[in-house]
Each structure stands twice: as structure tokens, then as C-alpha cells.
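Inside the fold
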Amino acid sequence: MASSLNTYYYRVLLPHGGVRSGLLRLAVKREVSVRMRIESDTDGTVLSLFRFPAWLAFFSEILMHVFRRQVRGEDLAGFLRDMGLMMRAGVPALDALQTLVDESDTSENRAMAYVARNMLDDLNAGVGMTEAFNRHPDVFPETVRNLVSIGDQTGTLDRMLGESAEHVERMINIKRDIKTALIYPAFVFATIIGVAIFWIYYVVPNMARLFKQMQAKLPPITEGLVSFANMLSTHLPWVLLVVAVVAITGTVLFKRSESFQLATYNLLHRLPISRTLLVSSGMAHMTEHLSILVRAGVDLVSSLRILGRATKNRYYRTRLIQVAESVSRGESVSSSMRRVGGFPAMAVRMISVGEESGSLDQQLAHLAGDYRKRLEVVVQSLAEILKPVIILIAGGLFLFLIVALLLPVYDLVRQSVGHTLGGGQ
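Residue numbers here run from 1 along each chain, matching the order of that chain's written sequence. Given that the model is predicted, a residue must reach a pLDDT of at least 70 before its local features are reported, and side-chain atom pairs must reach 80 or more before they are shown or counted; all residues, however, enter totals for whole chains, interfaces and linings. The side-chain figures draw on all heavy atoms in the structure; neither hydrogens nor water molecules are used.

1. Focus: the overall build of the protein
Check the secondary structure of the protein and you find 16 helices and three strands. Among the 425 residues that make up the protein, the fraction classed as buried is 39%. Every residue pair with non-hydrogen atoms within 4.5 Å of one another is taken to be in contact. Excluding contacts between residues fewer than 6 apart, the proportion of contacts in the protein whose partners are at least 24 apart in sequence is 59%. Only DSSP runs of H or I with at least four residues qualify as helices, and only runs of E with at least two residues qualify as strands; both kinds are numbered from the N terminus onward. Think of it in three bands: with a 1.4 Å probe and only protein chains considered, a residue is buried below 20% of the maximum accessible area for its type, exposed above 50%, and partly exposed in between.

Below, the structure written as C-alpha cells:
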């Protein structure tokens, strides 16, 4: 399980006279340590500090997640690109940041403006550019923060900001492609479930009462459907409650438990369709990040460890950590990947060629482009494959419902015709 964090509310006096307040979550219980951390980060003086009780911290975390304005990926990419462009044109960093703050305020991009304003306060207080970015890990991905650090140290910050913007946009496109593939099936499945619940909760009980009044003989398939409908009608609130509890419990476990995440990703990597999707998206993500970090001059061990922390897929994260440990002991990346397992053979072979020829960053860039194209093909194919599958599932479900309800009607008609013919004789 993830380590428990304490939530603190603080107010701090900044060196230029402004007052900043906010919430901070740390795995620290001593207020002295928290004060030192806040004053070190802000170069200010803590005016007040309050630690939330555990129950209040839990609810405040939920409320912050629900109501906090999130920085959209598109806004982040635009911020990085515009700042890099202005700095390349010779605009000082402080002036560029002030321009972006003013522009974000007028465009109602308040979330990004809030971050930019905090960064501007930090820079005015004498904090370095790298530290200003590092103070917002929930906004700037670790890869972006490392590129900024490299650019700050080598005097190529404008170029690194532009490269970061392109990287963020490519990651946005990957996520968008995956969501596009899943929106249609999710919508259709939700519609099918909703219509099926309406039939079972409303139509089937009414038909069952009608059959009972007419003393119709119900076949086993209809009896089973009626029993299920009666159970659902009687216990619907409890059924919904159980479904909600299971969904919430699964979500919390997935977010909090590393072992549960690993088990989930291992299962998804064994299923045919999800495995294809996860391999294509995961390898596109990994090779893209690794190519950027290696090209920027970060050593392989650090690059792999950064990538391991940035990768959300626990299946690959566990393996990347193992590969990083092996490389730190002198083993090559390709042989480590081959020994750890779980990486496509083609990717391992191209990385091996890159290590032997000294063109690892180029091979990784080729792999990233190839896996992005594969992901596009997989997404388009997945959408086409799922359409007939969904039609078959929907058709099978409604065929079952119709047959189960028509059999008693057919029996009633047959009995009525039999009685009519018998009376006529």
C-alpha cells in the first residue's frame, strides 16, 4: 500500500511581501520538519500551519480532486511552446512568464495561470528555473522537468521547452486515440445495459402478471427470466449498492495498492485485445520518453529509472526497474530486457543494434514512430472489430428476451386455437 500522507494547510510570507496559502501533503508528522520544508521551498516565513485530522484529510483529498481545476494537456503544451518561442526570440524568462500569466488570465485558462503565477513568484524570490518547475510535479511530467533541468544547465532551455511541448502533444495524441477507440463500445454497452434493465425491471414483470392471469404454462427459459426479474425488482436498491461498492472498492484498490495494479495489468496483458492495445501504447510511451532523455544527454540508468517512475503501466514499470538495476551493474539494455522478458523481440533487437552502433537515441526514435503508427492502426481496427461484436451481443441478448416472452404467447395461442377447434366439433 502507498505510504500514508498528512495534509497541512499553511500560510507563508514570501520575500517580496506577498502571502501565499495552500495545502501540502507530506509523509511527515513533525510540524518543525514541515515548516522547514515549506520555508526551504518558498524562501519565506511560515505564518500559520495546521495539520488536518485523518478523516478531514481524506475528505479534503476527495474534494480537491473533484473541484480542483486540472491543467489540460493542450494548455500545458501551449504554455511550454509559447515560453520556449519567446525565450528563443530573446525575451527574458521572467518577462515571458509574465506575458503567459496575463494571456492565460484573459483566455480564462485559470488553472495554467495559477501555476504560472506561482512560478513567477518563485523566480522573483530568487528560485532557479529548474526548481520552479520541480515545485509542480502534478502539472509537469518528470520527463519535462528533467528536460528543463538539462536545458537550464546547458543554456538550451528554449530548445528543451519546445521539445517538451512536442513530447506532451504526442502523448496527448496517444491518449486521445485510445479514448476514441473505447468511446463507441462504452456508449453502446451502456445503452444495451440500460435497455436490458428496463425490459427486466418493467416489461418482464408486467408480462409475467399477464401470463399468470391467463394461466399460461411457462417454459423453463421464461420461468428463469421471470425469477431473475422478480429478484431484481425486489432487491434493485441493494443490487445497485453492491455494484457501486464493488466499483468504488476496485477503483480505490487500483489507485492505492501496487500489487492490485500489477495483478490487473498482468491480467490485461494476457487478454488478446487489451494486450495488443497495451503493448502498442506502452511501447510508444516508453520509447518516446527514453529517446528524448538519451538524446538530451541523460545517462541510461537515470533515464530508465525516470521512465520507470513515469510509466503508469505496472506491467512495464516493474520490468523497467529491473532493467535499470541490471544496467547499473554493467549489463546492456537489450540483454537486460531480453532476460527480464515482457518486451517485444523487435524492440529488443533494434535497441541492441543502437547500443552496438552508438545510435541508440535514433533507434529509439524510430521505434517510437513505428509504435505510434501501430497504435493508430490498432485503434482503427479495434473500432471496426468491436462494432460487429457489439451487434452480436445486443442481438443475442434481445433475441433471448423476445424468445423467452414469445414462447408463452405462442402456447396461449395454440391452446386458444385448440379450444376453438374442439368447440366447433
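Once the structure has been displayed, the description carries forward.
2. What to know about the nonpolar core
In this structure, M283, L304, V323 and F343 are the most contacted members of the largest nonpolar core, which totals 41 residues. For this core, the elements supplying multiple residues, two or more each, are α8 (157-213), α11 (272-295), α12 (300-310), α13 (314-328), α14 (333-340), α15 (345-357) and α16 (360-424). With 11 residues, α16 is the largest single contributor of residues to this core. Filtering out sequence-adjacent residues up to four positions away, F343 remains in contact with M283, M286, Y316, R319, L320, V323, M337 and V348. What we call a nonpolar core is a set of buried Ala, Val, Leu, Ile, Met, Phe, Trp, Tyr and Cys residues that are connected through their side-chain atoms within 4.5 Å. Counting residues in each nonpolar core, the second largest holds 28 residues, with A77, M112, V139 and V168 among its members.

3. Focus: the side chain of S280
By secondary structure assignment, the location of S280 is in helix α11. Side-chain atoms alone can form a polar contact between residues adjacent in sequence; in general such a contact is a pair of N or O atoms within 3.5 Å, and within protein one must be able to donate a hydrogen while the other accepts it. A distance of 3.0 Å separates a polar atom in the side chain of S280 from the backbone oxygen of T276. Sequence-distant contacts of S280, that is, excluding residues within four places in its chain, are made with Y371, R374, L375 and V378.

4. What to know about the packing of aromatic side chains
Between two aromatic rings, the relevant description is the distance of the centres plus the angle of the planes. Pairing of aromatic rings covers Phe, Tyr and Trp, the last counted by its six-membered ring, and requires centre-to-centre distances within 6.5 Å; plane angles under 30 degrees mean stacked, over 60 mean edge-to-face, and any other angle means tilted. For the structure shown, the criterion picks out five aromatic pairs. Pairing Y315 with Y316 gives two aromatic rings, centres 5.2 Å apart and planes at 85°, and the pair type is edge-to-face. Like Y315, the residue Y316 is buried in the burial classification. Feature note: the residues F79, F133 and F140 constitute an aromatic cluster, connected by ring pairs. Sitting above the plane of the Y315 ring, R319 keeps its charged end 3.8 Å from the centroid. Put simply, a charge is over a ring when the Lys NZ or the Arg CZ is close to the ring centre, within 6 Å, and near the line of the ring normal, within 35 degrees.

5. Topic: the pattern of salt bridges
Two side chains with opposite charge may pair up if their charged atoms get near one another. Here, a salt bridge means any side-chain nitrogen of Lys or Arg that lies within 4 Å of a carboxyl oxygen of Asp or Glu. Counted according to the given criterion, the structure contains 14 salt bridges. With a shortest N-O distance of 2.5 Å, R309 and E142 are connected by a salt bridge. With R309 in helix α12 and E142 in helix α7 (residues 142-154), the pair connects residues that are 167 residues apart, well separated along the chain. By relative accessible area, which is 17% here, E142 ends up buried.

6. A few points about the side chain of S326
Tracing the sequence through the fold places S326 in helix α13. Exposure remark for S326: the relative accessible area of 1% places this residue in the buried category. Residues contacting S326, with those up to four places away along its chain left out, are E331, S336 and R339.

7. A short note on α11
Take the number of residues in a helix, subtract one, and multiply by 1.5 Å to get its expected span. Helix length check: α11, at 24 residues, gives a terminal C-alpha distance of 34 Å against a target of 34 Å (1.5 Å per residue), a fit within 8%. Within α11, 19 of the 24 residues are buried, which leaves the element mostly enclosed by the surrounding structure. Positive backbone phi, at 105°, marks G297, one or two positions downstream of α11.

8. Let's talk about the environment of G22
The residue G22 is located in strand β2 (residues 19-26) in this model. Owing to a relative accessible area of 17%, G22 belongs among the buried residues under this scheme. For the pair G22 and R11, spaced 11 residues apart in the sequence, the C-alpha separation amounts to 6.9 Å.

9. Points about the environment of R317
Looking at the secondary structure, you find R317 in helix α13. Take R317: its relative accessible area is 17%, and that puts it in the buried class. C-alpha separation for the pair R317 and L304, spaced 13 residues apart in sequence, amounts to 9.7 Å. Here R317 is in contact with G308, R309, T311 and K312, once residues within four sequence places are set aside.

10. Considering a nonpolar patch on the surface
Each patch is built from salt-bridge-free residues with over 30% relative accessible area, joining like charges within 9 Å and nonpolar side chains (Val, Leu, Ile, Met, Phe, Trp, Tyr) within 5 Å. The protein chains shown are the only cover counted for residues, whose accessible areas, like all others here, come from Shrake-Rupley with a 1.4 Å probe. On the surface, a nonpolar cluster with roughly 520 Å² of combined accessible area is contributed by I193, I197, F198, Y201 and Y202. Summarising the element assignment, I193 is placed in helix α8.

11. Structural notes on the packing of helix α10 (residues 258-268) against α13
Interhelical geometry of α10 versus α13 gives an angle of 110° and a closest axis separation of 8 Å. Relative to α13, the element α10 is oriented roughly perpendicular. Where α10 abuts α13, its residues E258, Q261, L262, Y265 and N266 lie against R314, Y315, T318 and R319. Comment: axis = line fitted to C-alpha atoms, over the contacting stretch for helices; angle = value between 0 and 180 degrees taken between N-to-C directions. The labels follow the angle: roughly parallel below 35 degrees, roughly antiparallel above 145, roughly perpendicular from 65 to 115, and oblique for the rest.

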